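Chain by chain, the residues:
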Amino acid sequence: MSPVLGMLLSPELGRFALALACTLALAQCALPLAGAWARHPRLMATGPGLAFGQLACLALSFICLAVAAIGNDFSVQNIAENSAIAKPLLYKITGIWGNHEGSILLWSLILGLCGGAVAWFGRFLPSTLQARVLGVLGGTAAGFELFCLLTSNPFDRVWPAPVDGHGMNPLLQDPGLAFHPPILYTGYVGFAVPFAFAVAALLEGRVDAAWGRWVRPWAVAAWCFLTCGIALGSWWSYYVLGWGGYWFWDPVENASLLPWLTGTALVHSAIVVEKREALKVWTVLLAIGTFSLSLSGTFLVRSGILNSVHAFANDPARGVFILALLGLVIGGALLLFAIRAPTLSAGGSFAPLSREGALVLNNILLCAICAVVLVGTMYPPFASLLFGQAISVGKPFFDATAAPMALPLLAVMAIGPMLPWKRAQLAPVIARLWWAALLAGAAGLVAAFGLRGTLPVLAFALGVWVIAGSIAGVIQRVRPAGTSGRVSLADSLHRARMLPRAVFGAALAHAGAGITVIGLAGMSAASHAIVSVHTGDSVPLAGYRWTLARIDDQAGPNYHARIATLLVHRDRPDGALVTVLHPARRDFASQGQTTTEVAIHTNLVSDLYAVLGEEHGTGADHTAVLRLHYNPLAPWMWLGALVMALGGALSLSDRRIRVGAPHRARTRATVPAE
């Protein structure tokens, strides 16, 4: 890197840009909110400019940190502790957010992007509403930027500067985890926009169909990123940590699941506000609760309360700062909700058997699952703090408590979209879904011969039910109820072309959920073995014969590796070769750590999975420990998450979702503004 560029984009410039961004964020909070309260157009008009200015300063600050990382400026403490000369360039860049200080700066940058997006795409919002939304976003951003400046400054210097850095945690030197945090943080921070809309609605005293239309695309976008972030993190755990499973209900992963559950409820609840002007108060509370859970997840990761492979080990002082910030943001929003929510109109009524009723049941089940996961995650640390008892809550508890509530949720997913608004009859819906029920029943019978346990069989059948129901929902729109006689293929295709993309997006997202559930059910039939073998020995597992051919040495850029060659044949007379796997162990001398490199062969129906463990002895007595897995339908878990996110993105591509909200007078309000 050019020394001139390093001097121009120095850490001091980055620190100054971060401080200036914090100043602009405070102004973005104060001026537009004061303008909305006083109905002063010029003050309200300052919001977009301040949001763009804050974003520019945060981007400059982030670029300065990137330049320091790429240029090996070890006089910056953050770079000295988390980088090294021998670290590959990709991980020098992605390592910027692979530590506490850099991740907080990234969080602030994404929050600034959200403010800039609202300033740009919200040009047609009523001026008072846009001013309040930008004001809330500015106040939230100011809190995180102060946290970054006062307790977690990534530009702090160290003297004397070391010749080389300590290097990055080897577990983080992986492409999957390199891009997992930005995607996950975008999901977390993206829910700040619905939160800001909720607080703005409480200040204004008005929630209507237009508000629901404005909130929904932001909620869907954040939900898509959070879905991808969770899936990418789970996939990383699967192929890097060598567990052999998809997820073991890690506490920090639970912290990301919680806002995903309430965010899913928010997306569906906002539809009811938009279409029927019902569930207004509940939707506002969901918007506040979802972002509150996102902030709480940040506190849990950085406070040291939760022990996890994903958690940052930092001093409790930072946790106290975040806790105070949580109290201000969440506590203030909930206090405002308690004061202003009674002033909001109740909205339209509906029968229990209706699409609204199905969405309410959807919300209840999602929030009940969220409550179970929250209690299971937080009870152990609180029990340890209050009673001095060490309690472990793991996979058996979550499977036994969350799964029974997930099953009825899946059952309703296929029926709900088929129901009309306000009032419905069940018989016509069943008549359209008979073939989906028949297909799900047949799938359950087939699964009973291969899966272990009643719960996986039910989950597999319901996964098929959800996918078939998604298809049936589209068919219903292509051939509406009451159509007599046969409908020509040309007419059906014409109707399909005229359908809003949001219809296909919703169906795709529901089908993705079904695919993920089928993958989870399939993993109940997984097989594994831990064996100690000599070179040339073979081990039978799941209809395959696994043979250790040899183990070789290999030098990497900043590690030394031992790589095994594992031949996998069909365990039958012809013994056809299926694949060659190369599991490895990497020794990072500078960090004194050893990591495993999992070898996976997939055909999208199952995974052959191998991990190389410890080696013992020499010569003829040399043995190696192998962990071998056969994981049926494992790829479907992450494929389903990708399909869900694509469904959300397809919905966002529908112009009718992003623009064209019902007209609202720019200054009218049902109660006084303040």
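On a predicted model such as this, the values are computed, not experimentally measured, just so you know. (Residues numbered from 1 in each chain as written. Predicted model: local features only at pLDDT ≥ 70, side-chain atom pairs only at ≥ 80, totals over all residues. Heavy atoms only, no water.)

A. Looking closely at the overall build of the protein chain. Helix and strand counts for the protein chain stand at 21 helices and 10 strands. Dimensions along the principal axes, computed over C-alpha positions, put the protein chain at roughly 85 × 80 × 60 Å. A burial count over the protein chain gives 56% of its 674 residues as buried. A separation of at least 24 residues holds for 75% of the contacts in the protein chain among residues at least 6 apart in sequence. (Helix = DSSP H or I, 4+ residues; strand = E, 2+ residues; numbered from the N terminus. Buried < 20%, exposed > 50% of the residue type's maximum accessible area, 1.4 Å probe, protein only. Contact = heavy atoms within 4.5 Å.)

B. Structural detail: the side chain of Ser354. Within the element layout of this structure, Ser354 appears in the loop between helix H13 (316–340) and helix H14 (355–387). For Ser354, the side chain forms a polar contact with the main-chain oxygen of Ala351, separated by 2.6 Å. At 3.3 Å, the side chain of Ser354 and the side chain of Glu356 are in polar contact. Contact partners of Ser354, with chain neighbours within four places excluded, come to Leu419, Pro420, Trp421, Lys422, Arg423 and Ala424. (Polar contact = N/O pair within 3.5 Å; in protein donor to acceptor, adjacent residues only side chain to side chain.)

C. Here's a closer look at the packing of aromatic side chains. Here the structure, examined in full by the defined rule, presents 13 aromatic pairs. Ring centres of Phe62 and Trp97 lie 6.3 Å apart, and the angle between their planes is 10°; on these two criteria the pair is classed as stacked. With a gap of 35 residues between them, Phe62 in helix H3 (residues 41–70) and Trp97 in the loop between helix H5 (89–94) and helix H6 (100–121) connect regions that are remote in the sequence. Judged by its relative accessible area of 11%, Trp97 falls in the buried class. Aromatic pair Trp235 and Tyr239: ring centres 4.6 Å apart, planes at 50°, arrangement tilted. Of the two residues, Trp235 and Tyr239 are both situated in helix H10 (residues 209–240); the distance of 4 residues between them amounts to about one turn of the helix. For Trp235, a relative accessible area of 38% translates into the label partly exposed. (Phe/Tyr/Trp six-rings, centres within 6.5 Å; stacked < 30°, edge-to-face > 60°.)

D. Layout of the sheet that holds strand S8 (residues 599–602). What the 4 strands build is an open sheet, ordered S1-S10-S9-S8; its pairing is antiparallel. Across the chains shown, the open sheet's two edge strands, defined by having one partner strand only, are strand S1 (527–534) and S8. On average, each strand axis in the sheet is tilted by 20° relative to the strand beside it, whichever way the strands run. Pairing analysis gives 9 bridges linking strand S9 (residues 606–616) to strand S10 (residues 623–632), with the strands arranged antiparallel. Along S10, the bridge assignment pairs Ser606 with Pro632. Its contacts with the sheet put helix H20 (residues 634–652) on S8, S9 and S10, and the angle it makes with S9 is roughly 115°. (Pairing = 2+ DSSP bridges. Axes fitted to C-alpha atoms, helices over the stretch in contact; angles between N-to-C directions.)

E. Structural context of the nonpolar core. Ranked by size, the top nonpolar core spans 164 residues in total, and within it Phe197, Trp211, Val284 and Phe460 carry the most contacts. Per element, the largest residue contribution to this core is 16 residues, and it comes from H10. Excluding residues within four positions of it along the chain, Phe197 makes contact with Leu125, Leu129, Val133, Trp211, Trp214, Val215 and Trp218. If you look at the next biggest cluster of nonpolar residues, it comprises 21 residues, including Ala529, Trp546, Leu548 and Ala624. (Core = buried A, V, L, I, M, F, W, Y, C linked by side-chain atoms within 4.5 Å.)

F. Spatial organisation of the side chain of Ser527. Examined against the element boundaries, Ser527 turns out to sit in strand S1. Ser527 gets classed as buried once you look at its relative accessible area, which sits at 18%. Among all residues touching Ser527, those that are not within four sequence positions of it are Arg452, Leu541, Ala542, Leu628, His629 and Tyr630.

G. Geometry of H3. The end-to-end C-alpha distance of H3, which contains 30 residues, comes to 45 Å, matching closely the 44 Å that a straight helix rising 1.5 Å per residue would cover. Positive backbone phi, approximately 55°, marks Asn72, located one or two places after H3. (Expected span 1.5 Å × (residues − 1).)

H. Structural detail: the environment of Thr128. Structurally, Thr128 can be placed in helix H7 (residues 127–150). For the pair formed by Thr128 and Ala448, sequence separation is 320 residues and the distance between their alpha carbons is 59 Å.

I. Spotlight on the pairing of S8. Relative to S9, S8 is paired through 4 bridges, and the arrangement is antiparallel. Bridge pairing in S9 places His601 opposite Leu608. Between S8 and S9, which pair antiparallel one after the other, the connecting turn spans 3 residues, and Leu604 there sits at a positive phi close to 70°.

J. Region of interest: the confidence of the model for the protein chain. This prediction gives the protein chain a mean pLDDT of 87; 92% of its residues lie at or above 70. Counted against residues more than four places away or in other chains, residues 665–674, with its pLDDT under 50, gives 24 contacts. (pLDDT = per-residue confidence, 0-100.)

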